[in-house]
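# Examination of the molecular architecture
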Protein chains: 2
Amino acid sequence: MKDMFGSPGSVSGLMLRIGQCVCAAASIGWMVSASGFSSYTAFWYHSTFSANYLIASMGLQVLWSFGLACLDVYALRIKKDLQNAVLVSLFVVGDWVTATLSLAAACSSAGIVVLYARDLHFCTNSKMHLPCSRFEISIAMAFVTWFFIAISSHVMFWLLASA
Amino acid sequence: MKDMFGSPGSVSGLMLRIGQCVCAAASIGWMVSASGFSSYTAFWYHSTFSANYLIASMGLQVLWSFGLACLDVYALRIKKDLQNAVLVSLFVVGDWVTATLSLAAACSSAGIVVLYARDLHFCTNSKMHLPCSRFEISIAMAFVTWFFIAISSHVMFWLLASA
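Per chain, residues are indexed from 1 in the order of the written sequence. Chain A is the first chain written and ligand 1 is the first ligand written, with later ones labelled in order. Two thresholds apply to this predicted model, a pLDDT of at least 70 for residue-level local features and 80 or more for giving and counting side-chain atom pairs, whereas whole-chain, interface and lining totals are computed over all residues. Derived side-chain values reflect all non-hydrogen atoms in the structure, with water molecules and hydrogen atoms excluded from consideration.

### So, the environment of C123 of chain A
Residues and elements named next belong to chain A.
- Within the element layout of this structure, C123 appears in the loop between helix 4 (85-119) and helix 5 (132-161).
- In this structure the C-alpha to C-alpha distance between C123 and M58, which are 65 residues apart in sequence, comes to 24 Å.
- Apart from the residues lying within four places of it in its own chain, the contact partners of C123 are Y116, A117 and C132. The way it works is that DSSP assigns letters per residue, a run of H or I at least four long becomes a helix, a run of E at least two long becomes a strand, and they are numbered from the N terminus. A contact between two residues is defined here by any heavy atoms of the two lying within 4.5 Å.

### Comments concerning the packing of helix 4 of chain A against helix 5 of chain A
Residues and elements named next belong to chain A.
- An axis is simply a line fitted to the C-alpha atoms; with a helix, the fit covers only the stretch in contact. Between two such axes, the angle follows the N-to-C directions and lies from 0 to 180 degrees. Two elements in contact, helix 4 and helix 5, have axes whose closest approach is 8 Å; the angle formed by their N-to-C orientations is 155°. The angle between the axes of helix 4 and helix 5 places the two elements in the roughly antiparallel class. For the crossing formed where helix 4 meets helix 5, the hand is left-handed. We call two directions roughly parallel when the angle between them is under 35 degrees, roughly antiparallel when it is over 145, roughly perpendicular when it lies between 65 and 115, and oblique otherwise. Note on convention: near helix rotated counterclockwise from far helix by under a right angle means a left-handed crossing. Clockwise means right-handed.

### Quick notes on the packing of aromatic side chains
- Between rings of Phe, Tyr and Trp, where Trp is taken as its six-membered ring, a pair exists when centres lie within 6.5 Å; planes separated by under 30 degrees are stacked, by over 60 edge-to-face, and by other angles tilted. Scanning the model with the defined rule gives 7 aromatic pairs over all chains in all.
- Ring centres of W96 of chain A and W146 of chain B lie 6.1 Å apart, and the angle between their planes is 10°; on these two criteria the pair is classed as stacked. Taken together, the positions of W96 of chain A in helix 4 and W146 of chain B in helix 5 (residues 132-161) put the pair across two chains.
- When accessible area is computed with a 1.4 Å probe and restricted to protein chains, residues below 20% of their type maximum are described as buried, those above 50% as exposed, and intermediate ones as partly exposed. The class for W96 of chain A is partly exposed, based on a relative accessible area of 31%.

### Notes on the interface of chain B and chain A
- On the side of chain A, 27 residues touch chain B, which itself brings 27 residues to the contact.
- Note on definitions: buried area is the accessible-area loss of two parts on being combined, 1.4 Å probe, summed for both. Here chain B meets chain A over a buried area of about 2500 Å², counting both sides, of which 80% is carbon and sulfur.
- Basic side-chain nitrogens of Lys or Arg form a salt bridge, by our definition, when they fall within 4 Å of a carboxyl oxygen of Asp or Glu. Counting every contact that joins chain B to chain A gives 0 salt bridges.
- Residues adjacent in sequence count toward polar contacts only when both atoms are side-chain atoms; beyond that, a polar contact is any pair of N or O atoms within 3.5 Å, and within protein one must be able to donate a hydrogen and the other to accept it. Applying the counting rule to chain B against chain A returns 2 residue pairs in polar contact (both at pLDDT 80 or more).

### Focus on the pattern of salt bridges
Residue and element names in this part refer to chain A.
- Taken as a whole, this structure holds 2 salt bridges over all chains when the rule is applied.
- Of the charged contacts, one joins R17 and D95 as a salt bridge, the two residues approaching to 3.0 Å between their closest N and O atoms. Residue R17 is located in helix 1 (residues 11-37), and its partner D95 is located in helix 4; the two are separated by 78 residues in the primary sequence.

### Things to note about the relation of the copies chain B and chain A
- Here the copies are matched by least squares. The fit uses the C-alpha atoms of residues with pLDDT of at least 70 in both. For the pair chain B and chain A, the relating rotation is 180°, the translation along its axis is 0.0 Å, and the fit reaches an RMSD of 0.0 Å. Expressed as a symmetry operation, the mapping of one chain copy onto the other fits a two-fold axis. Closest approach to the rotation axis among the C-alpha atoms of chain B is made by S108 of chain B, whose C-alpha sits 1.9 Å away.
- Of all interface residues in chain B, 100% are interface residues in chain A too; the two copies therefore contact each other through one and the same surface.

### Overview of empty space enclosed by the protein
- Buried and open spaces are told apart on a 1 Å grid over the protein atoms alone, a cavity being a set of points where a 1.4 Å probe fits but cannot get out and a pocket being an open set with protein on both sides within 12 Å along at least five of seven lines. Residues with an atom within 4 Å of a point are the lining residues. Grid points are joined across faces, edges and corners, and a volume is the space filled by probe spheres set on the points. Taken as a whole and judged by the stated rule, the model has 5 cavities of 30 Å³ or more.
- There is about 340 Å³ of room inside the largest cavity.
- Lining the largest cavity are 20 residues, and of these W96, S153 and H154 of chain A together with W96 and H154 of chain B lie nearest its centre.
- For the lining of the largest cavity, the elements supplying multiple residues, two or more each, are helix 4 and helix 5 of chain A together with helix 4 (85-119) and helix 5 of chain B.

### Here's the deal with the packing of helix 5 of chain A against helix 5 of chain B
- Interhelical geometry of helix 5 of chain A versus helix 5 of chain B gives an angle of 55° and a closest axis separation of 8 Å. Considered as vectors, helix 5 of chain A and helix 5 of chain B are oriented oblique to each other. Viewed along their axes, helix 5 of chain A and helix 5 of chain B form a crossing whose handedness is right-handed. From helix 5 of chain A, H154, F157, W158, L160 and A161 of chain A reach across to helix 5 of chain B, where they touch H154, F157, W158, L160 and A161 of chain B.
- Under the grouping applied here, Gly and all other residues not named as nonpolar or charged are polar, the nonpolar ones being Ala, Val, Leu, Ile, Met, Phe, Trp, Tyr, Cys and Pro and the charged ones Asp, Glu, Lys and Arg. Partitioned by chemical class, the residues of the contact of helix 5 of chain A with helix 5 of chain B number 8 nonpolar, 2 polar and no charged.

Just geometry here; none of it tells us what the structure is for.
What follows is the structure in structure tokens.
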């Protein structure tokens, strides 16, 4: 297997994993801070399902990326080659599942925020006190996380197919 | 390049393309029928952005899949081999873009329908007359479309990488 950008056990791969971890953690942080911010907890409850799904999906992403980052550090330290077919297949499946979940979570939350902001005008209604900007930052972070994990999953799939 | 399931210019590839076309068209049909069904047009307007995005994304999917289905039929009739690197790269990019758009559209609409049904209880409110079941069928069709296009895009990527 070739030594390409973002392959497992390389410095670029480690950077990608750290980027995924940091962005997913930031997304969780902004979403959790938004839930504490709202004084209209009864209303906040309405968007609970989607927010919880985003937090769960980003939590899974943090665990997965952190695990692989640790594996990359280990491989870099003892100069071990991680690119065998079984391991790369495992990375492909895990990356693909977490990438799909991240995109799904980001899009479903984005759909609801667009509904609030553009169609229902909840964000500009000063009575609501909905922290829309926090939702938006959290969702933007989720999209960045998805972008990084999409790169990783494509690189893994390429490595597996060209082996 | 190998002759595998769903490769361009094969019968299985043609079947996949037709499946994408049919499911995307069904998704558009159910969503359009839902918009005519609702008597509460003022309320319906609220979910306009997401519904329009689903329809636009599925429309793009129909065009793309129909074009590739025609190309498959042409290749099958004159027994031409479509598997050269330039053409497959083009298919990979197109499939990947339409797959991402389909998943994004399906998830953002699903997020809103879940918000209506579970959190706001709009679907069980008989005064609203919201055709939630039509939305749900339309979104399910969009997910099936995404599933088919995801298979196609992975096969294309595999063909490109293993060439």
